[in-house]
Every structure is written in C-alpha cells, then in structure tokens.
Amino acid sequence: MPKITFEREQRVVEIKPGQTLLQAADQAGIDLFRGMWPGLHCNRMKGWCNRCKVWVTPETPQAINPPTAKERSPLRLNGRVHGSLRLACQVQAQGDVVVHTRVGGPEVAGNTDWPDTDEPTKWKERWEKRHEGKGGAAEPDEEAEAEG
Ligand code: FES
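These remarks concern the structure in this document. Owing to the predicted nature of the structure, the values given are computational and were not obtained by experimental measurement.

Right, let's get into the pairing of strand β5 (residues 97-100). The side chains of a regular strand alternate between both faces of the sheet. On β5, burial follows the alternation: V97 and V99 on one face are buried, whereas V98 and H100 on the facing-out side are not. In this sheet, β5 lies alongside strand β1 (residues 3-6) in parallel orientation, the contact comprising three bridges. Its bridge partner being in β5, F6 is matched across the sheet by V99.

To continue, consider the environment of Q62. One can find Q62 in the loop between β3 (53-58) and α2 (69-72). Considered as a pair, Q62 and A93 are 31 residues apart in the sequence and their alpha carbons are 8.8 Å apart. Residues in contact with Q62, not counting those within four places in the same chain, are Q94 and G95.

Formed by 22 residues in total, the largest nonpolar core has its most connected members in I4, L21, A25, A88, A93 and V97. Only β1, α1 (21-28), β3 and β5 provide two or more residues apiece to this core. Considering each element in turn, this core owes the most residues, four residues, to α1. Discounting residues that sit within four places of it in the chain, A93 has contacts with P2, I4, I15, Q19, L21, A24, A63 and I64.

Looking now at the environment of V103. Topologically, V103 is positioned in the loop between β5 and α3 (122-130). With 8 C-beta atoms counted inside 10 Å, the residue V103 sits in the exposed group. Residues V103 and G35, spaced 68 residues apart in sequence, show a C-alpha to C-alpha distance of 8.5 Å.

Moving on to α1. Those residues of α1 that fall on the buried side of the exposure criterion are L21, L22, Q23, A24 and A25. Where α1 is buried, its residues contact β1, β2 (11-14), β3 and β5. Of the residues flanking the end of α1, it is G29, one or two places downstream, whose phi is positive at about 80 degrees.

Rules and cut-offs
Residues numbered from 1 in each chain as written. Predicted model: local features only at pLDDT ≥ 70, side-chain atom pairs only at ≥ 80, totals over all residues. Buried ≥ 20, exposed ≤ 12 C-beta atoms within 10 Å, placed from the backbone. Helix = DSSP H or I, 4+ residues; strand = E, 2+ residues; numbered from the N terminus. Pairing = 2+ DSSP bridges. Contact = placed C-beta atoms within 7 Å. Core = buried A, V, L, I, M, F, W, Y, C linked by C-beta atoms within 7 Å.

Structural data, given as structure tokens:
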C-alpha cells in the first residue's frame, strides 16, 4: 500500500496502488484547491484547470507515473508543469510519495517552534544585519533607558 505523506499538513495516508494524489488528499481531509475561488476547478480528473498543483517527491523512481499528456500539453490554460511540480489529479501513486502542497490551505501546521540555542543561526544573522545601525533591533531594556 503506497504511503502518501503531506509535508505541510503533517498527515500520512495509505492508498490503493494507482489512486491519485488528489484522492489521497481527499482521504486525508486536505483540500488542495486553494487561493481565490477554491470551488472553481475542472471537476477533478480532467487535468486542465491547474488548481491541484503540488510538488511531488517520489521515494522510488517507479513510485509515480511520468507526466501525462494533459500535463505536457502546450495548450494548457495556466502553463505546463515542470520539475517536481505536478497535477495531483494526474499523478497515480504506486509507491511511497512525499507531497508538498501550496500555501493557503486551512490545515497549515504552525512553524514557530524554534529551538532554544545560543548557536548562531541564519535568521538571527539576517535579523541583526538588517537592523544594524537602524536602532530597530534595540532590546526592550535599552529602549526604556533611552526614553528615561
Ligand atoms: S483538478 Fe483540475 S487540473 Fe487537477
């Protein structure tokens, strides 16, 4: 049974071989139609509306089918898919797959769990560099002293 991992939502579902990633998302309770007018799509399985775009990482090369003719068609309304970007309604899973969905879904998991460490990190460096000399990064105690 192929295991489909939805990274952003932190959900894992098992599906029957040959089922699409859109069906897997439905099974997991994840709505892939996001953005403006989520109800406006090609009624699934037709492959032309581009509303079900996801980034797909198969665990093995045979885990998913290659891009279908609908995905490669030069007459696509919103451009062809490329790289790991695929249409969930066109990808049939035969093995384990990791799926990264677009932002904007109602099921987005929080990402504010930063580990407490004294080691330098990229975001700290960027923050300090951005606020260097601008006075924007003052500690609350420094602000109180400056005012008092
Ligand atoms: S549901 Fe329309 S392209 Fe997949």
